[in-house]
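What the coordinates show
So the chains spell out like this:
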Amino acid sequence: MDDNMKKKLKLKVSAINNGTVIDHIPATSLFKVITILGLDKITNQITFGTNLDSGKLGHKAIIKVSDKYFEDDEINKIALIAPHAKLNIIKDYEVVEKKVVEIPDKIKGIVKCFNPKCITNNEAITTCFKVISKEPIALKCRYCEKITNEEQISMR
Ligand code: CTP
Ligand code: ZN
């Protein structure tokens, strides 16, 4: 059997014609990635697989969105929950570009403020943080100015 044949057999989710393949998502973050990217609200064809074997992640998920190319600031929203996600841009069945996600300078929503007294934990207000450090992560709340660090992070 030739290498190409082996590669095709390895494909657990069908190849797509045009669009974006988001690979190496931790299986536990799949549904969060779907909501953060608003994939539950678009009409494009979407296929996904989860709990697939992956060397470094244990179990990974993959999402394939046909006929959609994301803006960098759109896709970077998933950096906190899928830091090793790899984007593959597909055109005419070929991978024409690979990208990694990058933690943005500002984060709206997604994360909870660590301060229980913060207004965002007591009223219906979307959180907003300035990223003051990316490695390890430290987020400064726009409302209470308290810092939420990597160990304290939890998702909304
Ligand atoms: N893919 C797809 N449709 C295509 C081409 C590729 O769904 N027409 C998917 C593949 O299934 C794979 C990802 O896009 O999950 C990246 O493809 P490729 O670069 O060929 O695979 P690998 O070399 O295994 O990628 P990696 O960089 O993750 O090692
Ligand atoms: Zn706060």
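Residues numbered from 1 in each chain as written. Chains lettered and ligands numbered in written order. Predicted model: local features only at pLDDT ≥ 70, side-chain atom pairs only at ≥ 80, totals over all residues. Heavy atoms only, no water.

1. Some words on the pairing of strand S7 (residues 128-134)
A regular strand carries its side chains on alternate faces of the sheet. With three bridges joining them, strand S6 (residues 106-108) and S7 adopt antiparallel strand pairing. Paired with Ile107 across the strands is Phe129, a residue of S7. Both S7 and strand S8 (residues 137-141) contribute to a ladder of five bridges, which runs antiparallel. Considered in S8, the bridge of Phe129 is made with Cys141. Between S7 and S8, which pair antiparallel one after the other, the connecting turn spans two residues. (Pairing = 2+ DSSP bridges. Helix = DSSP H or I, 4+ residues; strand = E, 2+ residues; numbered from the N terminus.)

2. A closer look at the packing of aromatic side chains
Under the counting rule described, the total for this entry stands at one aromatic pair. Here Phe31 and Phe48 contribute two aromatic rings whose centre-to-centre distance is 6.0 Å and whose plane-to-plane angle is 90 degrees, an arrangement assigned as edge-to-face. A residue pair is termed long-range when its members are at least 10 positions apart, and Phe31 in helix H2 (residues 30-36) and Phe48 in strand S2 (residues 46-54) qualify at 17 residues. Looking at Phe31, the relative accessible area reads 57%, which means it is exposed. Taking relative accessible area as the criterion, Phe48 reaches 40% and is therefore assigned partly exposed. We note Lys91 situated over the ring of Tyr69; from NZ or CZ to the ring centre the distance is 5.0 Å. (Phe/Tyr/Trp six-rings, centres within 6.5 Å; stacked < 30°, edge-to-face > 60°. Buried < 20%, exposed > 50% of the residue type's maximum accessible area, 1.4 Å probe, protein only. Lys NZ or Arg CZ within 6 Å of the ring centre and 35° of its normal.)

3. Some points on the coordination of the zinc ion (ligand 2)
For the zinc ion (ligand 2), the full set of protein donor atoms is Cys113 (SG), Cys118 (SG), Cys141 (SG) and Cys144 (SG), and the range of their distances to it is 2.3 to 2.4 Å. One can describe the donor arrangement at the zinc ion (ligand 2) as tetrahedral, given that its four donor atoms subtend angles of 100 to 116 degrees at the metal. (Donors = N, O, S within 2.8 Å, 3.2 Å for Na, K, Ca; no water. Tetrahedral: all angles 85-135°; square planar, octahedral: opposite > 155°, others 65-115°.)

4. Quick look at the sheet that holds S2
Pairing in this open sheet of five strands is antiparallel, and the strands run S2-S3-S1-S4-S5 from one edge to the other. Every interior strand has two partners, whereas the edge strands, S2 and strand S5 (94-100), have only one. Across the sheet, the mean angle separating the axes of adjacent strands is 20 degrees when strand polarity is ignored. Two elements, strand S1 (residues 19-26) and strand S3 (residues 58-66), share six bridges in a ladder whose sense is antiparallel. Along S3, the bridge assignment pairs Val21 with Lys64. (Axes fitted to C-alpha atoms, helices over the stretch in contact; angles between N-to-C directions.)

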